[in-house]
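Here is how the chains run, residue by residue.
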Amino acid sequence: MKIKELIFYPIKSCRGIHLSHAKVGDKGLSDYNNSLYYDRTFMIVDESGKFITQRQHPQLARVIVTIDGEKITLSFDNSSMDSITFTPQNQGNMVEVQVWGDRTLAIDQGKAVAQWFQEILSMKGCRLVKQDDYNIRAINPQHSTQSNQPVSFADGFPYLLTNTASLAYLNQKLEEKYPHQQQQISMDRFRPNIVMETDTPFIEDTWENITLGEIKFKIVKPCSRCKITTTNQTTGTVNPLNEPLKTLSTFRNIPQQGIMFGQNMIALSNGQLTMDN
């Protein structure tokens with residue numbers, strides 16, 4: 001068993017950044033060599049402050065995020081649209097935002113980057129916001145390991161782990177179902193932070209804790225999957241057959257809970273992780 005991939009997503013629902021050496025913090029992965037921004041530090045919100053994702057706007061999969069020191073550059077893949085570079089604001093206009101059932105305060109990142117996203121999404125009024133470290137968004141206390149435990153703008157937990165053998169099993173099912181079509185998918189459909197390489201499909205379901213390097217993680221709960229898994233994470237196109245979600249539902253559907261793939265985790269200490277060669 002080894003670490004196959006380490007990925008963090010500075011802006012919720014935009015493209016991730018692959019790391020060879022990652023810092024493990026309370027709110028998620030960050031680049032070990034530049035840990036200013038952690039996983040889902042930023043998100044896009046509509047005029048009412050409600051979060052926006054690939055569920056409504058699959059073209060967000062084409063937004064490439066590049067970090068150089070404090071500066072962030074955004075570009076729209078395979079497009080003639082100009083890129084934009086900005087320096088995130090750590091103080092300024094505070095706005096109330098909503099992520100699922102949580103409401104918290106965040107820092108608006110200004111007019112220029114807002115207009116860039118408005119053009120990408122063909123949507124008036126949307127804004128980019130940054131999490132304010134002084135306004136804690138807490139993990140659901142039913143699953144947290146301590147009181148008022150912080151999480152970023154991730155859906156619910158700081159870390160998501162997936163397993164290569166589980167993906168191989170799903171792709172085998174897809175190949176059997178569509179022998180004359182190419183329906184196999186890559187792991188990026190599930191937008192994980194840590195990808196483990198094992199020989200046993202869904203062995204992660206049996207883990208309560210996992211130690212990677214010197215860091216112990218608590219396996220909190222399986223991750224229920226949504227329509228984002230049907231979006232090609234390179235092109236932003238949505239699968240017309242609702243795959244792989246349709247096939248996954250035939251063997252990974254837990255009644256009243258959802259269609260499961262991967263495990264949500266909480267780090268029990270801080271430190272570093274290195275991708276195994």
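Note that the structure is a prediction, hence the values are computed from the model and not measured.

(A) Inspection of the side chain of R252 at higher detail. Secondary-structure assignment places R252 in the loop between helix 3 (245–248) and strand 18 (253–254). On the basis of relative accessibility, which here comes to 13%, the residue R252 falls in the buried class. Non-local contacts of R252, meaning those with residues more than four positions away in its chain, are made with F202, D205, G258, I259 and M260.

(B) Examining the sheet that holds strand 11 (residues 94–99) more closely. Ordered by their spatial adjacency, five strands build an open sheet running 7-6-13-12-11, and the pairing between neighbours is antiparallel. Each of the sheet's edge strands pairs with one partner strand only, and the pair in question is strand 7 (51–52) and strand 11. Two elements, strand 11 and strand 12 (residues 102–108), share six bridges in a ladder whose sense is antiparallel. From the neighbouring strand, V99 faces strand 12, where its bridge partner is D102. Running over the sheet, helix 1 (residues 111–121) touches strand 6 (42–45), strand 7 and strand 13 (127–131) and is turned about 125° from strand 13.

(C) Layout of the side chain of T230. Here T230 lies in the loop between strand 17 (215–224) and helix 3. Overall, T230 belongs to the buried group, its relative accessible area being 1%.

(D) Looking closely at the environment of Q184. Mapping Q184 onto the fold places it in the loop between helix 2 (164–177) and strand 15 (194–197). With residues up to four places along the chain from it excluded, the contact list for Q184 reads N171, L174 and E175.

(E) Structural detail: the pairing of strand 6. Every second residue of strand 6 is oriented toward a common face, with F42 and I44 on one face and M43 and V45 on the other, all of them buried. In terms of strand pairing, strand 6 meets strand 13 through four bridges, oriented antiparallel. Its bridge partner lying in strand 13, V45 is registered against R127. In terms of strand pairing, strand 6 meets strand 7 through two bridges, oriented antiparallel. From the neighbouring strand, I44 faces strand 7, where its bridge partner is I52. Linking strand 6 back to strand 7 in an antiparallel pair, the connection comprises five residues, with G49 at a positive phi of about 95°.

(F) Seen up close, the state of the cysteines. Taken as a whole and judged by the stated rule, the model has zero disulfides. A disulfide-free cysteine, C223 has its sulfur positioned 8.2 Å from the sulfur of C226, the nearest such atom. Judged by its relative accessible area of 13%, C223 falls in the buried class.

(G) Structural view of the environment of S152. Along the chain, S152 falls in the loop between strand 13 and strand 14 (159–163). Overall, the relative accessible area of 0% leaves S152 in the buried class. Distance in space between the C-alpha atoms of S152 and I139 is 9.2 Å, their sequence separation being 13 residues. Filtering out sequence-adjacent residues up to four positions away, S152 remains in contact with K27, Y38, D39, R40, Q131 and R137.

(H) Unusual backbone geometry, seen in detail. Of note, the bond from E243 into P244 is cis; its omega dihedral lies within 30 degrees of zero at 10°. When you line up the elements, P244 lands in the loop between strand 17 and helix 3. For R191, which is not glycine, the phi torsion reads 45° and is therefore positive. Counting through the fold element by element, R191 comes out in the loop between helix 2 and strand 15.

(I) Structural view of helix 1. Within helix 1, the full set of buried residues consists of V113, A114, W116, F117, I120 and L121. Around the axis of helix 1, the buried residues are gathered within 155° of arc, so they sit on the same side. Helix 1 presents K111, A112 and E119 as exposed residues on the side facing more than 90 degrees away from its buried surface. As for helix 1, its buried residues are in contact with strand 6, strand 7, strand 8 (63–68), strand 9 (71–76), strand 10 (84–86) and strand 13. Directly beyond the C-terminal end of helix 1, a positive phi value near 50° is found at S122.

(J) Just the packing of aromatic side chains, in detail. In total, this model carries nine aromatic pairs according to the counting rule given. Taking 6.1 Å as the distance between ring centres and 80° as the angle between the ring planes, the aromatic pair formed by Y169 and F202 counts as edge-to-face. Taken together, the residues span a long stretch of sequence, with Y169 in helix 2 and F202 in the loop between strand 15 and strand 16 (209–212) at a distance of 33 residues. Residue class for F202 comes out buried when judged on its relative accessible area of 11%. Grouping aromatic residues by their ring pairs yields a cluster made of Y169, F190, F202, F251 and F261. When the ring centre of F76 is taken as reference, the NZ or CZ atom of R62 above it lies at 4.1 Å. A cation over a ring is seen here: K173 above F251, with NZ or CZ 5.8 Å from the ring centre.

Reading the values: rules and limits
Residues numbered from 1 in each chain as written. Predicted model: local features only at pLDDT ≥ 70, side-chain atom pairs only at ≥ 80, totals over all residues. Heavy atoms only, no water. Helix = DSSP H or I, 4+ residues; strand = E, 2+ residues; numbered from the N terminus. Buried < 20%, exposed > 50% of the residue type's maximum accessible area, 1.4 Å probe, protein only. Contact = heavy atoms within 4.5 Å. Pairing = 2+ DSSP bridges. Axes fitted to C-alpha atoms, helices over the stretch in contact; angles between N-to-C directions. Disulfide = S-S within 2.5 Å. Arc of directions from axis to C-beta. Phe/Tyr/Trp six-rings, centres within 6.5 Å; stacked < 30°, edge-to-face > 60°. Lys NZ or Arg CZ within 6 Å of the ring centre and 35° of its normal.

Structural measurements only, silent on function.
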